[in-house]
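Chain by chain, the residues run as shown.
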Amino acid sequence: MPRVAINKKKYLQTDLREWMVGRMDRLGKNQGYMGKKLGITQQAFSRRLREGHFDNVQLYVIFKELEAEDSTILRLMRM
């Protein structure tokens, strides 16, 4: 099914989640590790990952820990 503009926010959340899971797997980092870096529990990280709700400071830490390139950050955050 083609992507439509009305669901743009949902697509951004899905794309971010898929990228994060893939990078965590590739770099050997688990949800417990990422939660600790963000100052939250593994369960809280899992919930935020599932819902796609991270604040700006958390996204900064996530992108740093997952070694995101500038082009990837722009692609994931562009509305």
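Residues numbered from 1 in each chain as written. Predicted model: local features only at pLDDT ≥ 70, side-chain atom pairs only at ≥ 80, totals over all residues. Heavy atoms only, no water.

(A) Up close: the nonpolar core. Judged by nonpolar contacts, the single largest core of 15 residues is most densely connected at M20, F45, F54 and I62. When residues of this core are traced back to their parent elements, those giving at least two are α1 (8-27), α2 (31-38), α3 (42-51) and α4 (56-65). With 4 residues, the top contributor of residues to this core is α1. In this view, F54 contacts L16, M20, L38, F45, R48, L49, L59 and I62; residues no more than four positions away in its chain are not counted. (Core = buried A, V, L, I, M, F, W, Y, C linked by side-chain atoms within 4.5 Å. Buried < 20%, exposed > 50% of the residue type's maximum accessible area, 1.4 Å probe, protein only. Helix = DSSP H or I, 4+ residues; strand = E, 2+ residues; numbered from the N terminus. Contact = heavy atoms within 4.5 Å.)

(B) Looking closely at the pattern of salt bridges. In this structure the tally under the stated criterion is 2 salt bridges. Between E67 and R23 there is a salt bridge, and its shortest N-O distance comes to 3.9 Å. Placement of E67 in the loop between α4 and α5 (70-77) and of R23 in helix α1 is noted, with a sequence separation of 44 residues between them. K29 serves as the salt-bridge partner of E65, at 3.3 Å between the closest nitrogen and oxygen. Of this pair, E65 sits in helix α4 while K29 sits in the loop between α1 and α2; the two residues are 36 residues apart in sequence, bridging distant segments of the chain. Relative accessible area serves as the criterion here: at 15%, E65 is assigned to the buried category. By relative accessible area, which is 18% here, K29 ends up buried. (Salt bridge = Lys/Arg side-chain N within 4 Å of Asp/Glu carboxyl O.)

(C) Representation of the confidence of the model for the protein within the structure. Per-residue pLDDT for the protein has a mean of 89; in total, 89% of the residues score no lower than 70. Confidence scores differ between elements of the protein, with α1 showing the lowest mean pLDDT of 89 and α2 the highest of 97. (pLDDT = per-residue confidence, 0-100.)

(D) Quick peek at the layout of surface pockets. In this structure, the largest pocket occupies an estimated 240 Å³ of space. L12, Q13, L16, G52 and M77 are the residues nearest the centre of the largest pocket, which is lined by 11 residues in total. Elements that contribute at least two residues to the lining of the largest pocket include exactly α1 and α5. For the lining of the largest pocket, the element with the most residues is α1, which contributes 4 residues. Class assignment of the residues belonging to the lining of the largest pocket gives a composition of 7 nonpolar, 3 polar and 1 charged. (1 Å grid on protein atoms, 1.4 Å probe; cavity = no way out; pocket = protein on both sides within 12 Å on 5 of 7 lines; lining within 4 Å. Points joined across faces, edges and corners; volume = space filled by probe spheres on them. Nonpolar A, V, L, I, M, F, W, Y, C, P; charged D, E, K, R; others polar.)

(E) Representation of the packing of aromatic side chains. All told, the structure shown has 2 aromatic pairs when counted by the stated rule. With 5.8 Å between their ring centres and 50° between their planes, F45 and F54 make a pair best called tilted. Each member of the pair, F45 as well as F54, is classed as buried. (Phe/Tyr/Trp six-rings, centres within 6.5 Å; stacked < 30°, edge-to-face > 60°.)

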